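The residues making up each chain are set out below.
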Amino acid sequence: MSSDVTVDLIRSLIEAMNEPSWASATQGPVEDWESLAIVLEFGDGYRSASGYAYLPEGAVAPVACSWSSIRPAVDAYLGSYYQPGDLLPVKILVQFERTTGKYTVTFEETNEDRWKTRPTNYREMREELRPRFD
């Protein structure tokens, strides 16, 4: 592990997104991606990590991460921002561009519906979440 908790978090998400999950079982491993956007959710009694990998020529693949695989990196990351007992954000959006190494991490403190993907909005949401580093 590096000494940068953000780098470790992104690395753990990349490693975990191709582990067995509902997303990888549906389409297989996602290998030639250019960027990714993963939403970490901290719900009442549950945790989840899912989002999209953006491939060449505009293709988009859903991805999900097993919480047990990313938990140490998530805990270290959160520990660098929050004290024990502090109220956690409801969601965190991690966006990463593979070729440039650019990334952003955005916290959502209260709005549980932000970045919520539903069958009726998935096309719009995957574009809203797409990393754009200009």
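These remarks concern the structure in this document. Since this is a predicted model, take the numbers as computed values, not measurements. (Residues numbered from 1 in each chain as written. Predicted model: local features only at pLDDT ≥ 70, side-chain atom pairs only at ≥ 80, totals over all residues. Heavy atoms only, no water.)

**Considering the packing of aromatic side chains**
- Considering all chains together, one arrives at 7 aromatic pairs under this definition.
- On the numbers, 6.2 Å between centres and 55° between planes, the contact of Y82 with F107 is tilted. Taken together, the residues Y82 in the loop between α3 (67-79) and β4 (91-97) and F107 in strand β5 (residues 103-108) connect sequence positions 25 residues apart.
- Judged by its relative accessible area of 15%, Y82 falls in the buried class.
- Members of the aromatic cluster, each reached through a chain of ring pairs, are Y77, Y81, Y82 and F107.
- Over the ring of W33 we find R98; its NZ or CZ atom is 4.1 Å from the centre of that ring. (Phe/Tyr/Trp six-rings, centres within 6.5 Å; stacked < 30°, edge-to-face > 60°. Helix = DSSP H or I, 4+ residues; strand = E, 2+ residues; numbered from the N terminus. Buried < 20%, exposed > 50% of the residue type's maximum accessible area, 1.4 Å probe, protein only. Lys NZ or Arg CZ within 6 Å of the ring centre and 35° of its normal.)

**As for the sheet that holds strand β3 (residues 60-64)**
- With respect to topology, 5 strands assemble into an open sheet ordered β3-β2-β1-β4-β5, the strand pairing being antiparallel. With one partner strand each, in any of the chains shown, β3 and β5 form the two edges of the open sheet. Pairwise comparison of adjacent strand axes, ignoring direction, gives a mean angle of 15° for this sheet.
- Inspection of the sheet shows strand β1 (residues 35-43) paired to β4 by 7 bridges, in the antiparallel sense. Directly across from S35, in β4, lies its bridge partner E97.
- Strands in contact with helix α1 (residues 5-16) are β1, β3, β4 and β5; relative to β4, the strand with the most contacts, it is inclined by about 80°.
- Strands in contact with helix α4 (residues 122-129) are β1, β2 (46-54), β3 and β4; relative to β2, the strand with the most contacts, it is inclined by about 80°. (Pairing = 2+ DSSP bridges. Axes fitted to C-alpha atoms, helices over the stretch in contact; angles between N-to-C directions. Contact = heavy atoms within 4.5 Å.)

**Overview of the environment of I10**
- As for its position among the elements, I10 is in helix α1.
- Measuring from C-alpha to C-alpha, the distance between I10 and V105 comes to 9.7 Å, with 95 residues separating the pair along the chain.
- Ignoring anything within four residues of it in the chain, the contact list for I10 reads V94, F96 and Y103.

**Section: the pairing of β1**
- Most of β1 is tucked away: 9 of the 9 residues are buried.
- Linking two consecutive strands that pair antiparallel, namely β1 and β2, is a turn of 2 residues; a positive phi of about 90° is found at G45 within it.

**Describing α3**
- At A73, α3 shows its maximal bend, which comes to roughly 30°.
- For α3, the set of buried residues is W67, I70, A73, V74, Y77 and L78.
- Buried-residue contacts for α3 involve α1, β1, β2, β4 and β5. (Bend = angle between axes of the 7 residues up to and from the residue.)

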